[in-house]
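Examination of the molecular architecture
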Amino acid sequence: MNEETKTGLFAGVAVLLLVAAILSQPSAPVQNTDGAGELLFEKFEDVSRVAKIEMAVFNSDSGKHSRIEVERSQDGAWRITSKDGYPADLDSQLRNATTLLFDLKKLRVETQERKQHEDFGVVEPKEDEVKSGDEGVGRLVKYLDEDGEEIAALIIGNKVEKEQDSMTAAAEPGEIFYARLPGNDSVVSTRIEHDSAITTDFTDWIETSLLNRAGFSYSAPSLKQVGLAGLLPRGTDGFPTNSFYFTQDSDATPKWVGKGFAFENYEEIDVSNVDMLAGVFGNVKILNAVKGSPELAKLKVDQLATNELVPSALPEELLKNESIESVETFLGVMGDNGFLGQLGRRLFWLNGRTVLSMNDGVEVVLHFGERSRADEESGFPAGKYLTARAHFNKTLLKEPEAPALEGNGTKPGSNLDKLKRAAAQNNPEYQEAVEEYEKKVAAGERQAVALDGRLKGWLFIVSDSDYNKMRLLETNEPLRDQFVKNRTITASQILVGHMEANAEIKRTKAEAMTRAGEALAKAKAADANFTALVTEYSDDNATKAKGGDIGSFDYPRIAQSHGPGLATAAFDLEVNATSPVLEGNQGFYILRRTK
């Protein structure tokens, strides 16, 4: 074979190999601009027609399918029907989700070959066909009208990484994606705005704040009172009898007043810790929600707010014989999720309650539970649980005081109520106050009903952190110690020593008592100069040079240095008051409180 023949043969082989290589490559996209600018859904002219949204997503890493169905109910409210009708109340998500497929235009046809669907990421996420490890699966969005008729459906695939040619319009919102209609092999490119609205995550559709919803806005300054019950150590038989309340008055000092436990004279509320607790509830986030049994939504809120016993909250209709089975189901669900405890025949809320009383009269009641293991059959996940209810408590609003009657309005046989009403009718200022009060009552009632409508009947799952903060479990301190602290006061002293307390002093105890009495008499005189008396009478050189000032101290410090009896007496003093002669560790003292 000569060289020319060899060269020709090799050249022929090279051509064949090149052709084979080309044929083995995936087909290049068939791109054309036919129909560019046409609407993908020509008959979808009115967004208000959308009455139901379905979305399906496949996670190739986990091999899990997820779906969500959101439907508009007859009252106009949107509910997550795939989540037992939980309110879909995140307005921004609803707005973006209902307009996602509206006015979509075809930019270009990318291919019409089914085998390329995976390359463009537009494989339909069908549960019976797509399995773990499959790639190129798209996200399905479908709209239906009130009659269940399909308005639009689209499988949205990969994002176009590099926008080219006439596809790009820098000023237009959104990004370009590959997409196709279910049942149609053609893959097109289209510009989609708010593709983040394609989500099957429950929390992406809801207002995750537990209390900032339905027009209600929780804030610590708007809290009038927070009540805690069943969170303190149990009684001797284990029954939760302890409860206490903190009432807020921002114009007072201190702004929080506590009830429910006794204060020693040297103790006070730790305002910063109460402030911290009050601020917790506005930040609690819902991670999940499970529909409770129907009885949960029927419980009497006034009893939930005031009574530890569960049966007290059951309405009369549920206490009839024919309702016993449903009540037992309710108690079983609540017991399984850690809400209930039982001692003898007493059934109580095991983890206590928290009552948040607002200045506008809205009152929220929280109860707590916990589940260590998920129950797939019943649909209850493991986690920290709570229930929440709201009602209107009229006593939280201050009612206007009727004007006083002039003269003798209580003559024998007169009707005092009629006289009061007559006096009130003739008082424009009182009438104006009454009208304002009635407006506040009506507004509070409406708000309580709206908020309760979003809360009742659901078991909410929250984070461990939020749960522990609400239940005051973040520290091992006794609960009382978290809210009570030692007061600090400032005082000056005259110390009259004696040889029994200080060997360097040659004065007898009796002489010291007499000398201290003499100093006290002068200290109580109207024109007394306590600093001068310190110089004249005090044996404490350390404080003598400072006019007797012993600085600021709390009870433990003064009890250790001067003795418990004297410490107690010191905290009984008002500011600028002078104590009687007090016997302490170093002799006889006279104290004057300065702050």
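See the structure shown above.
Residues numbered from 1 in each chain as written. Predicted model: local features only at pLDDT ≥ 70, side-chain atom pairs only at ≥ 80, totals over all residues. Heavy atoms only, no water.

1. Topic: the overall build of the protein
For the protein, the helix and strand inventory stands at 15 helices and 25 strands. Counting the 595 residues in the protein, one finds 43% classified as buried. For the protein, contacts bridging at least 24 residues in sequence account for 64% of all contacts bridging at least 6. Of the accessible surface of the protein, which amounts to about 31700 Å², a share of 47% is contributed by carbon and sulfur atoms. (Helix = DSSP H or I, 4+ residues; strand = E, 2+ residues; numbered from the N terminus. Buried < 20%, exposed > 50% of the residue type's maximum accessible area, 1.4 Å probe, protein only. Contact = heavy atoms within 4.5 Å. Areas by Shrake-Rupley, 256 points an atom, 1.4 Å probe, with all protein chains shown as cover.)

2. Looking at the packing of aromatic side chains
For the coordinates displayed, the defined rule picks out 15 aromatic pairs. Arranged with centres 6.4 Å apart and planes meeting at 85°, the rings of Tyr86 and Phe460 form a pair that is edge-to-face. Of this pair, Tyr86 sits in strand β4 (residues 86-87) while Phe460 sits in strand β20 (residues 458-462), and the two are 374 residues apart along the sequence. Taken as a pair, Tyr86 and Phe460 share a single burial class, namely buried. Among the aromatic residues, ring-to-ring pairing joins Tyr86, Phe202, Trp458 and Phe460 into one connected group. For Lys83, the ring lying beneath its charged end belongs to Phe202, and the centroid distance is 5.1 Å. (Phe/Tyr/Trp six-rings, centres within 6.5 Å; stacked < 30°, edge-to-face > 60°. Lys NZ or Arg CZ within 6 Å of the ring centre and 35° of its normal.)

3. Considering the sheet that holds strand β23 (residues 549-553)
To summarise the sheet geometry, strands pair through backbone hydrogen bonds and adopt either a parallel or an antiparallel arrangement. The strand order across the open sheet formed by four strands is β23-β22-β25-β24, and the pairing between neighbours is antiparallel. Edge positions in the sheet fall to β23 and β24 (582-584), since each has one partner strand and no second. Here the average twist between neighbouring strands, direction ignored, is 45°. Taken together, the three bridges between strand β22 (residues 489-496) and β23 define a ladder with antiparallel strand orientation. Within the sheet, the bridge partner assigned to Ser492 lies in β23 and is Asp549. Sitting on the sheet, helix α11 (residues 509-523) is in contact with β22, β24 and β25 (587-593), with an inclination near 15° to β25. Most of the contacts of helix α15 (residues 564-572) go to β24, to which it runs at about 140°, and overall it touches β22, β23, β24 and β25. (Pairing = 2+ DSSP bridges. Axes fitted to C-alpha atoms, helices over the stretch in contact; angles between N-to-C directions.)

4. Thoughts on the pairing of strand β15 (residues 340-343)
On a regular strand, each side chain points to the face opposite its neighbour's, so the side chains alternate between the two faces of the sheet. Pairing between β15 and strand β16 (residues 346-349): four bridges, direction antiparallel. If you follow Gln342 over to β16, its bridge partner there is Leu347. The turn linking β15 back onto β16 is made up of two residues, and Gly344 within it adopts a positive phi angle of 60°.

5. Remarks on a negative patch on the surface
A cluster of acidic residues, Glu429, Glu432, Glu435, Glu436 and Glu438, forms a negative patch at the surface. In this structure, Glu432 sits in helix α8 (residues 428-455). (Patch = residues over 30% accessible without salt bridge, like charges linked within 9 Å, V, L, I, M, F, W, Y side chains within 5 Å. Salt bridge = Lys/Arg side-chain N within 4 Å of Asp/Glu carboxyl O. Lys, Arg positive; Asp, Glu negative; His and termini not counted. Charge placed at Lys NZ, Arg CZ, Asp CG, Glu CD.)

6. Structural notes on the nonpolar core
Counting 78 residues, the largest nonpolar core has Leu101, Tyr143 and Trp205 as the members making the most contacts within it. Looking at this core, the element that brings in the most residues is α8, giving five residues. If we skip the residues at most four places from it in the chain, Leu101 touches Phe41, Phe44, Val141, Tyr143, Ala152, Ala153 and Leu154. Among the nonpolar cores identified, the runner-up in size contains 24 residues, and Val333, Met334, Phe339 and Leu347 belong to it. (Core = buried A, V, L, I, M, F, W, Y, C linked by side-chain atoms within 4.5 Å.)

7. Topic: helix α6 (residues 324-336)
Spanning 13 residues, α6 covers 18 Å between terminal C-alpha atoms, matching the ideal 18 Å at 1.5 Å per step. Along α6, the positions that sit buried rather than exposed are Val327, Phe330, Val333 and Met334. Along the axis of α6, the buried positions cluster into a sector of 125°, meaning they face one direction only. Projecting away from the buried face of α6 at angles above 90 degrees are the exposed residues Glu325, Glu328 and Asp336. In this structure, the buried side of α6 is in contact with β15, β16, β19 (383-392) and β20. A positive backbone phi angle near 75° is found at Gly338, which sits one or two residues after α6. (Expected span 1.5 Å × (residues − 1). Arc of directions from axis to C-beta.)

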